[in-house]
Structure formats: C-alpha cells, structure tokens
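Report on the structure
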Amino acid sequence: MRKLIVGNWKMNGSLAVNAELLAGIRQGLHKVQCDLGVCVPFPYLAQCQILLEGTSVVLGAQDVSSHAVGAYTGQVSTRMLLDFGCRFAIVGHSERREFCGETDEVVADKVQRALAGGLTPIVCVGETLENKEDGRTQEIVGRQIDAVLRVLEDAEIAGLVVAYEPVWAIGTGKTPTPEMAQEVHAMIRTQLVGRIGDAGKGVRILYGGSMKPSNAAGFLDMTDIDGGLIGGAALKAADFLAIASVASARN
Ligand code: 13P
C-alpha cells in the first residue's frame, strides 16, 4: 500500500512562517514518492491552497463540523473545506477529545458528515497513559473504532483513514516500540476486516506520536503501519521531507 505522511500543524504558524515552511517542502518534493498532506489551521486554508497549487501535496483541516450548515457559531462545514480544496479532515484528535469535550459519539457524527460531504476523515484513536498502565489499550482503542464503524455503511468504511496516536506519545518524545504499535494496528485491521472483509486491508492506518526522521523507519517497516500523522516534526521542512523520504523508500 502506498504510504501516506500527513503533517498536523495544530495551532502553529503565521502567514510568514507558513510561506517559508511550504516553500521548503516544495523544494524537496521531487524526491518524494509517497502521498503527502498537511492539515493546517482554518484561517490559513486559503493561503496554503494557493501555495500548494500545482503540487501533489494534499490539503486538509484539523476538524470539521458534524452539521451541514446553519446556526453553529464558530464551526466549519465540510462544504466550506471543499471550497478551499481540502481533501482530508482530522477528526477526533486526542487534543479535541481532551480540550473540546469530543465524545466517541461526536467523533462518529463528524466522520459520517465528512464522508457524506466527500472529505476523507483521518479518524484519530489512542489510549491515555492511565489506560495504558491499566492494560486497557486494546479495549479503549477498540471502543473508539467501534463507535465510528457502527454509524457507517461498509462502502464508507473503505474510504476512511485511521490514525493510531497513543496520547502519552504525543509531543512527549516517548513512543511505543514499533512492535507495540503494530499490535494495536493489527487489532484495528482485524476490526476493519471483520466488518468489511478484504476491503479493510486497503484502509490506511497511520501511526502518530513523536514520529521523527530517526524513528520513522522502525514504524513504517511494520506490516499494518501505512504512514504517519506528524505533529512537531511537520513544522520543519527538512524533518517532514526526511520522514517522507523514509516512507517513499517503503512504498
Ligand atoms: P507529535 O508528532 O508532535 O508528537 O504530534 C503527533 C500528533 O498529535 C499528530 O496529530
């Protein structure tokens, strides 16, 4: 399966910083053979759409509303994202689950709306440190995946991207071993295949959480790790491109 590397810029950037970062990424694109995307803050979608025009880098957002249109102050709809050339939206990132109170049900609604509107949701799941220490990783991740699969048709499930991001690995420099991550990815794969059969083998499952050039190969060598969702390292063109190059060598 072709690997997918997506940068999640989170709440970082400015017009000047984005321009420099994207110029740096553009310069190295001739060497990239994997799929590449960046999920940028809403106010910068227009800028990034223009700066990425004519490149293979796909644009995405970091969230999307579960509603189609109307009186939902502060929310951004699928249709608006499509207006700016978005193809992806991250849904259910742990920082939204934690700081914005997003439940499994809200995440499932958003995923359903994104798919119905023609966007590819990157559905984030992952256990907290406490969950991990209690030995509940598989239970928590399994439940988060189930909540999404339950509301979707089989054909929609085939259009998902999933990202396994252990919460304790995000921005901490700590990571599971590739083998530990693979175990969770394999469980997610089993859930997908259990529900939609062989088509589940084609759903990309990304790893996220302190992925950087020096540890990317270990993760991307694993059978069910089909790419990465990159936070901090996506803010430096050289690091982001270095991870993309590791992924390109493993397509
Ligand atoms: P870091 O790569 O900074 O750990 O962030 C991972 C992440 O949350 C991507 O969505």
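The structure under discussion appears in the preceding block.
Quick summary incoming for the structure in this document. Since the structure is predicted, the reported quantities are computational estimates derived from the model, not experimental observations.

Conventions and cut-offs
- Residues numbered from 1 in each chain as written.
- Predicted model: local features only at pLDDT ≥ 70, side-chain atom pairs only at ≥ 80, totals over all residues.
- Heavy atoms only, no water.
- Near = heavy atom within 4 Å.
- Polar contact = N/O pair within 3.5 Å; in protein donor to acceptor, adjacent residues only side chain to side chain.
- Areas by Shrake-Rupley, 256 points an atom, 1.4 Å probe, with all protein chains shown as cover.
- Nonpolar A, V, L, I, M, F, W, Y, C, P; charged D, E, K, R; others polar.
- Axes fitted to C-alpha atoms, helices over the stretch in contact; angles between N-to-C directions.
- Helix = DSSP H or I, 4+ residues; strand = E, 2+ residues; numbered from the N terminus.
- Parallel < 35°, antiparallel > 145°, perpendicular 65-115°, else oblique.
- Left-handed = near helix turned anticlockwise from the far one by under 90°.
- Contact = heavy atoms within 4.5 Å.
- Core = buried A, V, L, I, M, F, W, Y, C linked by side-chain atoms within 4.5 Å.
- Buried < 20%, exposed > 50% of the residue type's maximum accessible area, 1.4 Å probe, protein only.
- Salt bridge = Lys/Arg side-chain N within 4 Å of Asp/Glu carboxyl O.
- Pairing = 2+ DSSP bridges.
- Disulfide = S-S within 2.5 Å.

What follows deals with the site of the ligand. Around the ligand lies a shell formed by Asn8, Lys10, His93, Glu165, Ala169, Ile170, Gly171, Gly209, Ser210, Leu229, Gly231 and Gly232. Note that an oxygen atom of the ligand is positioned 3.0 Å from one of the side-chain N or O atoms of Asn8. Between the ligand and Gly171, the relevant distance is 2.6 Å, taken from an oxygen atom to a main-chain nitrogen or oxygen of the residue. In isolation the ligand offers 310 Å² of accessible surface; the protein chains occlude 94% of this area. Of the residues in the shell around the ligand, the class split is three nonpolar, seven polar and two charged.

Moving on: the packing of helix 1 (residues 15-28) against helix 2 (residues 45-52). Remark: helix 1 packs on helix 2, axes separated minimally by 10 Å, with the N-to-C direction vectors making an angle of 25°. Between helix 1 and helix 2, the interaxial angle falls into the category roughly parallel. Considering how the two elements wind past one another, helix 1 and helix 2 form a crossing that is right-handed. Judged by residue contacts, Leu15, Asn18, Ala19, Leu22 and Arg26 of helix 1 engage Gln47, Cys48, Leu51 and Leu52 from helix 2.

To continue, consider the nonpolar core. Judged by nonpolar contacts, the single largest core of 67 residues is most densely connected at Ile5, Ile25, Leu36, Leu81, Val111, Leu160 and Ile188. Considering each element in turn, this core owes the most residues, seven residues, to helix 11 (residues 237-248). With twelve residues, the next largest nonpolar core counts Leu4, Cys39, Ala163 and Leu229 among its residues.

Turning next to the pattern of salt bridges. Here the idea is simple: oppositely charged side chains can pair when their charged atoms come close. Per the counting criterion, the structure on display carries 15 salt bridges. The closest approach of N and O atoms between Lys10 and Glu95, which form a salt bridge, is 2.8 Å. A residue pair is termed long-range when its members are at least 10 positions apart, and Lys10 in the loop between strand 1 (4-8) and helix 1 and Glu95 in helix 4 (residues 94-99) qualify at 85 residues. Between Lys201 and Asp198 there is a salt bridge; the shortest N-O distance is 3.0 Å. Judged by relative accessible area, Asp198 falls into the exposed class, the value being 58%. Put simply, Asp63, Arg96, Glu102 and Lys110 are held in one network by salt bridges that share partners.

The contact between helix 7 (residues 137-150) and helix 9 (residues 178-196) brings their axes to 10 Å, and the two run at 30°. As judged from the angle between their axes, helix 7 and helix 9 are roughly parallel. The hand of the helix 7/helix 9 crossing is right-handed. Taking contact as the criterion, the partners of Thr137, Gln138, Val141, Gly142, Ile145, Asp146, Leu149 and Arg150 in helix 7 are, on helix 9, Glu183, Val184, Met187, Ile188, Gln191, Leu192 and Arg195. Grouping the constituent residues of the contact of helix 7 with helix 9 by class yields seven nonpolar, four polar and four charged.

Before going further, it helps to examine the sheet that holds strand 4 (residues 86-91). Spatial strand order, 1-2-3-4-5-6-7-8: eight strands in a closed barrel with parallel pairing. Shown here is a sheet whose adjacent strand axes are inclined to one another by a mean of 25°, direction ignored. Inspection of the sheet shows strand 2 (residues 35-39) paired to strand 3 (residues 58-61) by three bridges, in the parallel sense. Looking at strand 3, one finds that Gly37 is bridged to Val58. On the sheet, helix 7 packs against strand 5 (120-125) and strand 6 (161-164) and is oriented at approximately 155° with respect to strand 5.

Our focus in this paragraph is the state of the cysteines. Tallied over the full model, the rule gives zero disulfides. No disulfide involves Cys39; its sulfur sits 7.8 Å from that of Cys86, the nearest cysteine. Cys39 gets classed as buried once you look at its relative accessible area, which sits at 1%.

Turning to unusual backbone geometry, a few remarks are in order. For Lys10, which is not glycine, the phi torsion reads 55° and is therefore positive. Lys10 sits in the partly exposed class, given a relative accessible area of 21%. Phi at Ser210 is positive, roughly 55°, even though this residue is not glycine. Examined against the element boundaries, Ser210 turns out to sit in the loop between strand 7 (204-208) and helix 10 (213-220).

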